[in-house]
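Residue strings, one per chain:
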Amino acid sequence: MDIDTDIVVVGAGPGGSLAAREAAKHGANVLLIDKKAEIGSPKRCAEGVSKSGLEELGINPDPRWIARKSTGVRLVSPDQTSVWLDEDTIDIPESGYVLERKVFDKHMAMDAARAGAKIMIRTRATAFERTDDGVIITAERMQEEVKIHAKIVIAADGPESRVGRWAGLDCNTKFNNMESCVQYEMAGLEMENNNVIQLYFGSVAPGGYTWIFPKGDDIANVGIGVLKTHTDKPAIEHLNEFIKNCPETQNAQAVEINMGGDPVGGLIKERVGDNILVVGDAAGFVNPLTGGGINSALESGAYAGIVAADAIDSGDYSAKNLQEYVKLTDENIGEGYDKYKKAKEYLLSLNDDELNDIAHEFVKQEVDEISPKTLLKLLIKVSPKALLKLGKLF
Amino acid sequence: MIVNNNCLYCGACAGVCVADAIDVQELKIVIDEEKCTKCGLCVKTCPVAAIEME
């Protein structure tokens, strides 16, 4: 089967669906394809998202896909010292809602459909070729081969990021930047506070952290991300050990397991080429400190959709004409990431004792409001190297 | 390369594959043995140790 369209979007995660919605809204013919049988499932994610980030993109919160609101964060050091921060005290990235991704992702795809995008599920891109005036994405739709002739492809194919590579872009994730993640959705947790997201740091999760994101009174996503440059054990062994030892999880039962790679190296430079834009995880739109990527995937998708539709309008699909997307994402997302990346490098340089010292100092101080300045002051007091690694950030 | 039953097709392996040799299908992983350089990065990255090198 042959299909003609202005724009084909590969991958119906949040980034792809928002790209499809925006491009369709701006007048382009859009086809959104996804290899899965059910959009949004299985999730590969802890499901945390920022409230304000959704608002900025005009996505109205719907109780169907909000599992729980979070009011703050609990940071736990290796000796189990807890630092409790609430949202009034500090701006916590990727926090506010814990989603039900299976519902949210479908909601976003439905919105794209309502804006006029066509959707094909169980349709997996297998090849990319260039033609005189565009591209052909070959796809397998169940048993059938489909040739999609498009002027522009928006690659939203997740951390695998193969479509961009087929187009000649250098967008695979370097091994030392790929968090290896696994998570259980569990019931029967005994949480001290089931309205905050929890992050456990130190040797419990080499190169990353362990998380508990509550989805109900006794339900939570319990997961881990580790850098495999920091440990030889598979992520799941670290997670199972954590669950056995953590008083909140040791009696809980898993009802689902998820896994995935999380590219935390920051934005890839080559996110456009002739006839192609890369969005979401596929282009490294993941907060390097937190590993959270839903908000920035959505934002990148929105920019890509608009820039692509404008390009269709002007009849110029060259990399040069798509460069506006790089500019928009650099300014609005990339610059923030550089700071988060530095903060992450600092965090990774701390051993368990240093993390404990910092947590103790936090607990000692009564902080009403945390500004980057007070935070830095506190960190320098405990470990002078903070000045060296973070001083220039603020 | 052997993909064992731990695999849940998450694609972390494909993301780090420098040779673009790993095809993550809906319920299947196919490793192109001709492209594969046996570098082992996929084996290390897999969160559940689902890839083994012969």
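Residues numbered from 1 in each chain as written. Chains lettered and ligands numbered in written order. Predicted model: local features only at pLDDT ≥ 70, side-chain atom pairs only at ≥ 80, totals over all residues. Heavy atoms only, no water.

Caption draft 1: Focus on the domain arrangement of chain A. Partitioning chain A into structural domains gives domain 1 (2-46 + 101-173 + 265-338), domain 2 (69-97 + 175-263) and domain 3 (349-393). Taking the mean C-alpha position of each, domain 1 of chain A and domain 3 of chain A sit 39 Å from one another. (Domains from an automatic or database assignment.)

Caption draft 2: Looking closely at the interface of chain B and chain A. Residue-level contacts link 22 residues of chain B with 26 residues of chain A. For the pair chain B and chain A, the summed buried area comes to about 2100 Å², and 55% of that belongs to carbon and sulfur atoms. Across the pair B:Glu26 and A:Arg122 runs a salt bridge whose closest N-O atoms are separated by 3.3 Å. Applying the counting rule to chain B against chain A returns 16 residue pairs in polar contact (both at pLDDT 80 or more). Elements with a minimum of two residues in the side of chain B that touches chain A: helix H1 (12-16), strand E2 (22-24) and helix H2 (41-45) of chain B. (Contact = heavy atoms within 4.5 Å. Buried area = accessible area lost by both parts, 1.4 Å probe. Salt bridge = Lys/Arg side-chain N within 4 Å of Asp/Glu carboxyl O. Polar contact = N/O pair within 3.5 Å; in protein donor to acceptor, adjacent residues only side chain to side chain. Helix = DSSP H or I, 4+ residues; strand = E, 2+ residues; numbered from the N terminus.)

Caption draft 3: Seen up close, the nonpolar core. Ranked by internal contacts, the top residues of the largest apolar core, which has 60 residues, are A:Ile7, A:Ile152, A:Ile154 and A:Leu277. Ranked by size, the runner-up nonpolar core spans 39 residues in total, among them A:Tyr200, B:Cys13, B:Cys17 and B:Val24. (Core = buried A, V, L, I, M, F, W, Y, C linked by side-chain atoms within 4.5 Å. Buried < 20%, exposed > 50% of the residue type's maximum accessible area, 1.4 Å probe, protein only.)

Caption draft 4: Layout of unusual backbone geometry. Residues and elements named next belong to chain A. Cis geometry marks the peptide bond from serine 41 to proline 42; its omega dihedral reads -5 degrees. Structurally, the position occupied by proline 42 is in the loop between strand E2 (30-33) and strand E3 (48-50). Here the phi dihedral of serine 161 falls at roughly 40 degrees; this positive angle occurs in a residue that is not glycine. Looking at where serine 161 falls in the secondary structure, it is placed in the loop between strand E11 (144-155) and helix H4 (162-166).

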